[in-house]
2 protein chains.
Amino acid sequence: MATAVQSAPVLIGGQWRPATSQSTFQAINPTTMESLPQTYPVSQWEDCDAALSAAAEAAEQMRRLPADRIGDFLDAYADAIDAHIEEIAELAHQETGLPVSPRLAKVEGPRTSNQLRQAAAAARQGTWAVPTIDTKANIRSCYEAIGPVCVFGPNNFPLAFGSVSGGDFAAAIAAGNPVIGKANTSHPGTTRRLAELAREAVQQVGLPAATVQLLYRTSHADGERLVADPRTGAVGYTGSRKAGLALKRAADAAGTPIYLELSSVNPVVILPGALAERADQIVDEFMTSVLMGTGQFCTNPGLVLALRDAATDDFVEAVRSRFAATNPGVLLSPGVQQSLTAAVDTLVRAGAKLLTGGHPIEGCCSVENTLLQCSGQDFLAQPEVFQTEAFGNASLIVVADSVDQLADIIRSLEGNLTGCIYSSTQGEDDAAYERLADLLVQRVGRLLNDKMPTGVAVSPAMNHGGPYPATGHPGFTAVGIPASIHRFAKLTCYDAVRENRLPWLLRDKNPTGETWRFIDLQWTTADVGS
Amino acid sequence: MATAVQSAPVLIGGQWRPATSQSTFQAINPTTMESLPQTYPVSQWEDCDAALSAAAEAAEQMRRLPADRIGDFLDAYADAIDAHIEEIAELAHQETGLPVSPRLAKVEGPRTSNQLRQAAAAARQGTWAVPTIDTKANIRSCYEAIGPVCVFGPNNFPLAFGSVSGGDFAAAIAAGNPVIGKANTSHPGTTRRLAELAREAVQQVGLPAATVQLLYRTSHADGERLVADPRTGAVGYTGSRKAGLALKRAADAAGTPIYLELSSVNPVVILPGALAERADQIVDEFMTSVLMGTGQFCTNPGLVLALRDAATDDFVEAVRSRFAATNPGVLLSPGVQQSLTAAVDTLVRAGAKLLTGGHPIEGCCSVENTLLQCSGQDFLAQPEVFQTEAFGNASLIVVADSVDQLADIIRSLEGNLTGCIYSSTQGEDDAAYERLADLLVQRVGRLLNDKMPTGVAVSPAMNHGGPYPATGHPGFTAVGIPASIHRFAKLTCYDAVRENRLPWLLRDKNPTGETWRFIDLQWTTADVGS
């Protein structure tokens, strides 16, 4: 076993320093199944405690800094990511198997820096904070920093959802909070490199040294202790349901807001009129959506709902043959490979028919492109089992007997991030649409028409969220600025507070000339009293 | 024991019907300590189950109704409350001891109907839902109804926070949800009468019959089952910390949003310059704030922090003599009386000096006006014990040695609804203010200057909330429209959804001509594309 001195340092209080650790781990290159040489420490509580203390101090300091400084940091960090994207993409490729280009260097990298820049603009303008003023009562309120935020990043977006670079990070920083990142253990080296760039940007603009900190791994018990610690203001977590719910229990018991993005099967309803009209196009769209990134998206269409008829049979056969004829991509890690084959086994044992795929591929982290099918009746007999998420390049097609049965199936669904309905452009599916959309929309965070769910635009109108257990609260989005910033903020009211003591957003004069404020029930960029 | 037939009926599915119940309870007139004649049922699970099923059906129907209908209901109900306020105030007086006038008939009644009318206007306009449109990506989102809301009302505001009439009720309905009210057991008759008026208004405007339902009491186990039931969309609770946290555990485990308003001691810092300038005025303001309503406000100033000097001694003596010379009011119930004397005992056992009061008064629910004092050192030795809430006409004055010690005391505070700082108008307290306000504001939902915390204006800028354990989440307010409505809503995104299928708030044309929408990062009342 590597000693603590040999393993990578953790970033605490602005310093890269040896972890307090008794064990280490290594990342695995999923393309070769070989362990990468660098070892990383499993931190003990002492590291968490030190990071929390440093973060608490940084949080105090950040309260007193101008928002422009935070914007400058986010912009500088975005520039640094852009400048180093080839190196970062190469590192991430080694650790995740995701293609360097276009995926990492041309898509996820720009998405990440773009998101940081949007967060910078939001922090500078302040509209995100919903500055609200009642001039008659002289009561004013806005959202403010909530305190140190612990971010647990997922395996599937090493940059755009990374614990020290992604959407949760950008939102937490924009709200004025320091971040303690917990690297996803499948790509510690990528996260380390990003944290190095973040640290340099922190120094460059003069933010508190502990604005960005990084640990690689802790015991489960220490992770729960971390989120429940009174110094923690809030938590962002993206990952498996089991680990997320354990953290949720700990955070809930401490009264700490925790935002989770857990599993989702993202039902796609394909109505007969759509198939009659453009089956080939839908096959193409579905293929792209379910196989892109080896299907490792939170919004992967893992569940297709269709009606029993010849067109559906043709659709299924077209997808099956395309799945079988397409080389499967590399999965993120041996863990993903194992959980995918286990999920397929679960579905098959429950009675799903394996139309193609299902087997692991020797020598790398990969599983054959997998298509399963079951009847509506089967699904309704065991709706929980048939909603098992098969994270990766797999999907289950449910063939229902009737629109009534489709409605029952949708009623049996857990909360999901997305739900799609494909329907005829000519109106013949409209009655079914109306009935099913009304049920589906209550169970998802985002409803799509005639479009697969895998694209999650960084748009102010996006909701990357949804009812439990897709997330922990259906009122928040993890993607989309400014809305995602609210998660990491507390509402504070200033009642009769003297004008010179008010925070910058709530003084009479509009703080930037462009900040939208809700004054006497009207949104305006004007000054108070103007 | 009364049989189920004799006891008051519950309101389920639009019908007043006998409860499924094996036990009953009676309210007590706190002025006379006598039980009031009407018995009320303790419902068994069957009643909860029936209410949940009816609410789930009503929620489906409400999704399809125009927002104007909801506005009409809220307005009609407000009118009915105004028209019957004398009768309601008399009922509430019997059950709570609160004065008929001005308190119930002239203050709380109008506050209640005004709040319902504000909710009606918000529902009609739709700005509360933050309609957000990205025209380039054709992604649109807004807040929508979350599903049946269970409201547990507190004892201290039978109308304005009542389970079928108060702020949580108004917000839940405005968002488009049916409400299952759980009456506070200290004023079941008042709540019953309000539910009768609500039911009539529901019928008058044609909302689903189960829009408003009422149970009086359940076992603790059934209460927890009710909030964790999958048919429950969200929960609002105002009351004791113990019962609230039990419900929170149950709701959290089910992933159901629960909004709690629990205990708060509402620290008031009085700085030396303020005392030197206007001690008499501050004594008056404090007296009014702590004794009004017999101190039974969530925002009662239960903790005063001052510096050790002669002016503070004079302030304490002035308050003590005024407390002793003022007749104590009636408390809401024997339970409130007992918990107040128990809290005083706890504080005294911890070392607080009882300056005046502390004893129960025979023959009615009342306790002498109570003032306690301790040193800053005492407080810091046991900060948790000294933050014991003495709900009622009591307050603890902490006399600190220095501003440093005041800072330490504030650092030791739990989350509170409010925090006040009185300071000189001439600037001599400014250094202390800056230091202490910066700490205090992180621990409270509302910071006040030179003003006691008991007034909670129904203002769009109000925050009646705060960090845990004052509430369960520091990002939400229980008072103030439109912000309070968000608690009972889910965020839903419509991605590429055809225009004619969009909800009314998200279509191209501004739905009312006056609805504020966030289109391409600008707040506007214009149509899309105009």
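Procedures and definitions
- Residues numbered from 1 in each chain as written.
- Chains lettered and ligands numbered in written order.
- Predicted model: local features only at pLDDT ≥ 70, side-chain atom pairs only at ≥ 80, totals over all residues.
- Pairing = 2+ DSSP bridges.
- Helix = DSSP H or I, 4+ residues; strand = E, 2+ residues; numbered from the N terminus.
- Axes fitted to C-alpha atoms, helices over the stretch in contact; angles between N-to-C directions.
- Contact = placed C-beta atoms within 7 Å.
- Domains from an automatic or database assignment.
- Nonpolar A, V, L, I, M, F, W, Y, C, P; charged D, E, K, R; others polar.
- Least-squares fit on C-alpha atoms with pLDDT ≥ 70 in both.
- Expected span 1.5 Å × (residues − 1).
- Buried ≥ 20, exposed ≤ 12 C-beta atoms within 10 Å, placed from the backbone.

Trainee: What am I meant to see in the sheet that holds strand β21 (residues 522–524) of chain A here?
Mentor: Hydrogen bonds between backbone groups are what pair the strands of a sheet, and the pairing can be parallel or antiparallel. Judged by pairing direction, the sheet is mixed, and its 12 strands sit side by side in the order β21(A)-β20(A)-β5(A)-β6(A)-β19(A)-β18(B)-β17(B)-β12(B)-β13(B)-β16(B)-β15(B)-β14(B) without closing on themselves. Of all the strands in the sheet, just β21 of chain A together with β14 (353–356) of chain B have a single pairing partner and so form its edges. Adjacent strand axes in the sheet meet at a mean angle of 25°, parallel and antiparallel pairs treated alike. Direction of pairing for strand β12 (residues 267–270) of chain B relative to strand β13 (residues 303–307) of chain B: parallel, over a ladder of four bridges. In the strand pairing of β13(B), V268(B) is matched with V304(B). Its contacts with the sheet place helix α10 (residues 310–325) of chain B against β13, β14, β15 (370–375) and β16 (394–400) of chain B, and it is angled at close to 60° to β14(B). Lying over the sheet, helix α11 (residues 334–350) of chain B contacts β14, β15 and β16 of chain B, oriented at roughly 20° with respect to β16(B).

Trainee: How do you make sense of the domain arrangement of chain A when you look at a structure like this?
Mentor: Many analyses report the size of an interface as the accessible area lost when the parts associate. All names here are of chain A. Each domain of chain A was delimited in the assignment, giving domain 1 (10–23 + 64–126 + 140–262 + 471–506) and domain 2 (267–449). On the side of domain 2, 11 residues touch domain 1, which itself brings nine residues to the contact. Residues belonging to the side of domain 1 that touches domain 2 are distributed by class as follows: two nonpolar, five polar and two charged.

Trainee: Would you mind going over the interface of chain B and chain A with me for this structure?
Mentor: Taken together, the 54 residues of chain B in the interface contact 54 residues of chain A. Of all elements in the fold, only β5 (132–134), β6 (139–145), α15 (430–440), β18 (444–449) and β19 (489–495) of chain B reach the threshold of two or more residues within the side of chain B that touches chain A. Counting residues per element, the side of chain B that touches chain A draws most heavily on β19(B), which supplies seven residues. Residues of the side of chain B that touches chain A, tallied by class, amount to 28 nonpolar, 14 polar and 12 charged. In the sheet, strand β19 (residues 489–495) of chain A pairs with β18(B) via three bridges, with the strands oriented parallel. If you follow Y494(A) over to β18(B), its bridge partner there is L447(B).

Trainee: What's the story with the relation of the copies chain B and chain A in this structure? I'm lost.
Mentor: Note on the chain copies: they are related by a rotation about an axis and a translation along it. In the superposition of chain B on chain A (RMSD 0.0 Å, axial shift 0.0 Å), the rotation amounts to 180°. Put plainly, the chains are arranged around a two-fold axis. By residue overlap, the copies meet face to face through one surface: 100% of the interface positions of chain B are interface positions in chain A.

Trainee: Mind showing me how you'd approach helix α1 (residues 45–63) of chain B here?
Mentor: Every α-helix winds through 3.6 residues per turn, so residues three or four apart in the chain are directed the same way. Compared with the 27 Å implied by 1.5 Å per residue over 19 residues, the 27 Å span of α1(B) between its first and last C-alpha is a close match. Looking at the packing, one finds that the buried side of α1(B) touches β1 (10–12), β4 (34–43), β6, β8 (179–182), β9 (212–215) and α7 (220–228) of chain B.

Trainee: How should I be thinking about the pairing of strand β15 (residues 370–375) of chain A in this particular structure?
Mentor: The side chains of a regular strand alternate between both faces of the sheet. Residue and element names in this part refer to chain A. Counting buried residues in β15 gives five out of six residues, a clear majority hidden from the surface. Summarising the sheet, strand β14 (residues 353–356) and β15 pair through three bridges and their orientation is antiparallel. When the bridges of β15 are listed, K353 appears paired with Q373. Here β15 runs beside strand β16 (residues 394–400); their pairing, made up of six bridges, is parallel. In the strand pairing of β16, L372 is matched with L396.

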